[in-house]
Amino acid sequence: MDDRGGDDGGSFVAVRRISQGLDRSNTCHTTSDEVVAGSTAWLGRSLSCVCVQRKEGDSRPSFDLTPAQEDCLLRLQNRLDIAYDGSIPEHQEALRALWKAAFPEEELRDLISEQWKEMGWQGKDPSTDFRGGGFISLENLLYFARNFQKSFQDLLRKQEGERAMWEYPFAVAGVNITFMLIQMLDLEAVKPRTFVGATFLKFLSENESAFDLLYCITFKLMDRQWLAMHASYMDFNAVMKSTRRQLERELLQDDVTRLEELPSYALLSR
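Numbers given for residues are sequential positions, taken from 1 along each chain in its written order. Confidence filtering applies because this is a predicted model: local features only for residues at pLDDT of at least 70, side-chain atom pairs given and counted only at 80 or more, and all residues used for totals across whole chains, interfaces and linings. Excluded from the side-chain calculation are hydrogens and water; included are all heavy atoms of the structure.

### Considering the nonpolar core
Residues belong to one nonpolar core when they are buried, are Ala, Val, Leu, Ile, Met, Phe, Trp, Tyr or Cys, and are joined through side-chain atoms within 4.5 Å. Exposure classes here rest on a 1.4 Å probe applied to the protein chains alone. A residue is buried below 20% of its type maximum, exposed above 50%, and partly exposed in between. Met119, Trp121, Phe200 and Phe219 are the most contacted members of the largest nonpolar core, which totals 73 residues. Sequence-distant contacts of Phe200, defined by excluding residues within four places in its chain, comprise Leu76, Leu185, Leu187, Ala210, Phe211 and Leu214. Pairs of residues are marked as contacts when any of their non-hydrogen atoms sit within 4.5 Å.

### Examining the packing of helix 5 (residues 170–184) against helix 7 (residues 210–228)
Running from amino to carboxyl end, helix 5 crosses helix 7 at an angle of 120°, the nearest separation of the two axes being 10 Å. Put simply, helix 5 runs oblique to helix 7. Relative to helix 7, the crossing made by helix 5 is right-handed. Across the interface between the two elements, Phe170, Ala173, Gly174, Ile177, Thr178, Met180, Leu181 and Ile182 from helix 5 touch Phe211, Leu214, Tyr215, Thr218, Phe219 and Met222 from helix 7. A fitted line through C-alpha atoms serves as each axis, taken over the contacting stretch for helices, and the angle formed by two N-to-C directions is quoted from 0 to 180°. Helix and strand definitions follow DSSP, with helices as H or I runs of at least four residues and strands as E runs of at least two, each counted in order from the N terminus. If an angle is under 35 degrees, it is roughly parallel; if it is over 145, roughly antiparallel; if it lies from 65 to 115, roughly perpendicular; otherwise it is oblique. Each helix crossing is assigned a hand: it is left-handed if the near helix lies turned anticlockwise from the far helix by less than a right angle, otherwise right-handed if that turn is clockwise.

### Overview of helix 6 (residues 195–206)
Because each turn of an α-helix spans 3.6 residues, side chains separated by three or four positions end up pointing in the same direction. With twelve residues, helix 6 should cover 16 Å at 1.5 Å per step; its first-to-last C-alpha distance of 17 Å lies within 8% of that length. Three or more residues of helix 6 are buried, namely Val196, Gly197, Ala198, Thr199, Phe200, Leu201, Phe203 and Leu204. If you follow the buried residues of helix 6, they end up packed against helix 1 (67–80), helix 5, helix 7 and helix 8 (236–251). Expected span, for any helix, means 1.5 Å times one less than how many residues it has.

### Side note on the packing of aromatic side chains
What describes a pair of aromatic rings is the distance from one ring centre to the other and the angle between the planes of the rings. Classification of ring pairs rests on two measures: the distance between centres of Phe, Tyr or Trp rings, Trp counted by its six-membered ring, which must be within 6.5 Å, and the angle between planes, read as stacked under 30 degrees, edge-to-face over 60 and tilted in between. This structure, assessed with the given rule, holds 15 aromatic pairs. Geometrically, the ring pair formed by Tyr168 and Trp226 is edge-to-face, given 4.9 Å between the ring centres and 80° between the ring planes. Placement of the pair is Tyr168 in the loop between helix 4 (149–156) and helix 5 and Trp226 in helix 7, with a sequence separation of 58 residues. The exposure class assigned to Trp226 is buried, which follows from its relative accessible area of 1%. When the ring of Tyr215 is compared with that of Phe219, the centres are 5.9 Å apart and the planes differ by 90°; the resulting orientation is edge-to-face. Here Tyr215 pairs with Phe219, and both are found in helix 7, just four residues apart, close to one helical turn. For the pair Tyr215 and Phe219, a shared accessibility class is recorded, and that class is buried. A connected cluster of aromatic rings, assembled from ring pairs, spans Phe144, Phe152, Phe170, Tyr215 and Phe219. The lysine or arginine in question, Lys158, covers the ring of Tyr168, its NZ or CZ lying 4.2 Å from the ring centre. By definition here, charges over rings are those cases where NZ of Lys or CZ of Arg is within 6 Å of the ring centre and within 35 degrees of the ring normal.

Structure follows, in structure tokens:
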């Protein structure tokens, strides 16, 4: 099935409104006010969830969590609530660390610099792009760079496969992947409402870095889908939809008991 076509063109920078003390009631958080993706609004649209029994008057299923799973989910949600703030030293250092991991041979002249465009940020100030995923999107990129250095560099420098003339910008794509995973796993809800979300929480309770690890797997899978579809810049949204479907299928496989057993995990190299 070909996912291309339609009105899915133009900018693909996702924007997620981040605020302290989010209302984590059992309602869907993907609204037109909270999800903006340039001219496309592609995330969370026309994507069905896998449902089990529903509570009366509610269109979504409900999964009970163990105390350990509740704690792990709350800690992850606390990470999601943190917006990137360039005035916080910890955030500044994380940004410098990302540059050093990406370009160890090149010194960063300033936190606001034209050099950032080499990584695939839209402008000279990456903080303007972090509004889409918050501080966790920076943490995800840094985790990727530190734990799967070869795959990180391969994607950053587009070293694998036959590349398009108009490629996706690496860093901005990374922010969009963070955003997509938050929506796919329904992480802003008080408890999961899909099999995919419930399955992920099982992995999270066994590995607190599960979200970061799944991010790395997803980034590599997205690039594989990009190459398989012979995609170019305007096809990014279709590639992301295809990536999400494949990831959901893998997470629901009966023989997968941890993230390292996902078929796409094998794509990663350290």
